[in-house]
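# Observations on the model geometry
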Amino acid sequence: MQMTSAPHLLAEDGPEYERILGDALRHAHERPDLEGVGDRLNTEQLRTMALSATALITAAAATEYEHYVKARGELRRAATAEEADGAPAPDGPQSTAAGSGAGIGAVITVLTPLLAGSAAVIFLLVGYLLKAVSPSVTFGSSLVAAGWFFAAVAAAAILVAAVGLLVTALRNGATSLAAENEEQELPEDVARAREAWRHALLERGILPFLRDALADPTAGPAARTPHRSPNRIPKVGYSRPDFSGPDDGPAAGPRPTFTSPDFTSPDFGGPEHQPD
């Protein structure tokens, strides 16, 4: 048997393995060799068994996976080298200033609505209270005007924060979409290596494992709590000595019988029965 030195399944490829397994179980009814799904084992039980045997299943496609990981690593190293040659260093002064600017902007965006709203509530409450107590005092009207000004500032700050959140969400969505497009538009050699690994994993790893699990009569739920009969003694290569009774030898004569001695008590009677 040929052994390979392929690496174990990387964490980033775990979701891909689960997706291929899920597709195989979802379309199991379309395969005649998997028609036993649901009789003794359902799809969830088979999924659990296959996830527990990930190392065993992925070893069947170890050669293709090693080639795929190698091709993907070369692509990433080439992309990293291109970014290092054409892009500025990420820890330069510009990136530091941008990061600090973004942090200050976020703090201002969060604190402005809170401070302006609090000031608006205080000024409006005190102003209307003063106008109710002494309407002739003009200071109350000034406080009311200041309160409405801070209320307008708080509303504008909330609107700006909402627009900023919307722009950030759209930017993140565009970034994730670009990453998906980059994943789909892989170079031909990397895409071919990935497809070869997927096909080998399905045909030589997942499907044979599912067929063996369905064909194994001990792979059902009853196999989880095996019942051992006390008469089932494992054979270890030798038999126990045969102890035979005396019937196997020559015919034996009558066996002697033993009776217990008859102990009788002395006959004690009256004066007329005196011992001799």
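Before reading further, recall that the structure is shown in the block above.
Residues numbered from 1 in each chain as written. Predicted model: local features only at pLDDT ≥ 70, side-chain atom pairs only at ≥ 80, totals over all residues. Heavy atoms only, no water.

### Considerations on helix 7 (residues 188–215)
Think of an α-helix as 3.6 residues a turn; residues three or four steps apart then line up on the same face. Let me state the cut-off plainly: Numbering of helices and strands runs from the N terminus; a helix is a DSSP stretch of H or I covering at least four residues, while a strand is a stretch of E covering at least two. The span you would expect from a helix comes to 1.5 Å times its residue count less one. What the bend at a residue measures is the angle between two axes, fitted to the seven residues ending there and to the seven starting there.
Between its first and last C-alpha atoms helix 7 spans 39 Å; for 28 residues at 1.5 Å apiece the expected length is 40 Å, and the two agree. In helix 7, a bend of some 35° at Leu 202 exceeds every other bend along the element.

### Concerning the packing of aromatic side chains
Formally: Only Phe, Tyr and Trp rings are paired, with Trp represented by its six-membered ring, and only when their centres lie within 6.5 Å; those with planes under 30 degrees apart are stacked, over 60 edge-to-face, the remainder tilted. For every residue, the accessible area (1.4 Å probe, protein chains only) is compared with the maximum for its type, and the residue is labelled buried under 20%, exposed over 50%, or partly exposed between those bounds.
Going through the model one piece at a time under the given rule, you end up with four aromatic pairs. Consider the rings of Phe 123 and Phe 150, whose centres lie 5.5 Å apart with planes at 25°: the pair is stacked. Of this pair, Phe 123 sits in helix 5 (residues 93–133) while Phe 150 sits in helix 6 (residues 139–184), placing them 27 residues apart in sequence. Judged by relative accessible area, Phe 150 falls into the partly exposed class, the value being 27%. Considering the side-chain rings of Phe 149 and Phe 150, the 5.6 Å spacing of their centres and the 70° angle between planes classify their relative orientation as edge-to-face. The class of Phe 149 is exposed, set by a relative accessible area of 53%.

### Things to note about a nonpolar patch on the surface
This is how the line gets drawn: Any residue with relative accessible area above 30% and no salt bridge may belong to a patch, with like charges joined within 9 Å and the nonpolar Val, Leu, Ile, Met, Phe, Trp and Tyr side chains within 5 Å. Per-residue and other accessible areas were derived by the Shrake-Rupley procedure at a 1.4 Å probe size, with only the shown protein chains allowed to occlude residues. For this analysis, a salt bridge means a side-chain nitrogen from Lys or Arg found within 4 Å of a carboxyl oxygen belonging to Asp or Glu.
There is a patch of nonpolar side chains on the surface, built from Val 107, Val 110, Leu 111, Leu 114 and Leu 115 and spanning about 480 Å² of accessible area. Mapping Val 107 onto the fold places it in helix 5. Residue classification places Val 107 among the partly exposed positions, given a relative accessible area of 46%.

### Here's the deal with the pattern of salt bridges
Pairs may arise between side chains of opposite charge once their charged atoms sit close together. Tallying each qualifying case throughout the model produces 13 salt bridges. The shortest N-O distance in the salt bridge between Arg 72 and Glu 12 comes to 3.6 Å. Within this pair, whereas Arg 72 is found in helix 4 (residues 62–86), its partner Glu 12 is found in the segment before helix 1 (14–26), the two being separated by 60 residues in sequence. Note on Arg 72: relative accessible area 9%, which makes it buried. The closest approach of N and O atoms between Glu 44 and Arg 47, which form a salt bridge, is 4.0 Å. With a gap of three residues between them, Glu 44 and Arg 47 both fall in helix 2 (residues 43–52), about one helical turn apart. Exposure remark for Arg 47: the relative accessible area of 26% places this residue in the partly exposed category.

### Some details on the side chain of Thr 54
Rules: Residues count as neighbours in contact if any of their non-hydrogen atoms are within 4.5 Å of one another.
Its location among the elements puts Thr 54 in helix 3 (residues 54–58). The exposure class assigned to Thr 54 is buried, which follows from its relative accessible area of 18%. Among all residues touching Thr 54, those that are not within four sequence positions of it are Leu 9 and Tyr 17.

### Points about the environment of Ala 191
In this structure, Ala 191 sits in helix 7. Taking the C-alpha atoms as reference points, Ala 191 and Tyr 68, separated by 123 residues in sequence, lie 8.5 Å from one another.

### Let's talk about the nonpolar core
Our working rule: What is meant by a nonpolar core is a set of buried Ala, Val, Leu, Ile, Met, Phe, Trp, Tyr and Cys residues, joined one to another through side-chain atoms within 4.5 Å.
Among the nonpolar cores identified, the biggest contains 29 residues, and Leu 46, Ile 57, Leu 201, Ile 206 and Leu 210 are the most heavily contacted of them. Elements represented by at least two residues in this core include exactly helix 1, helix 2, helix 4 and helix 7. Not counting chain neighbours up to four residues away, the residues in contact with Leu 210 comprise Leu 25, Leu 34 and Leu 46.

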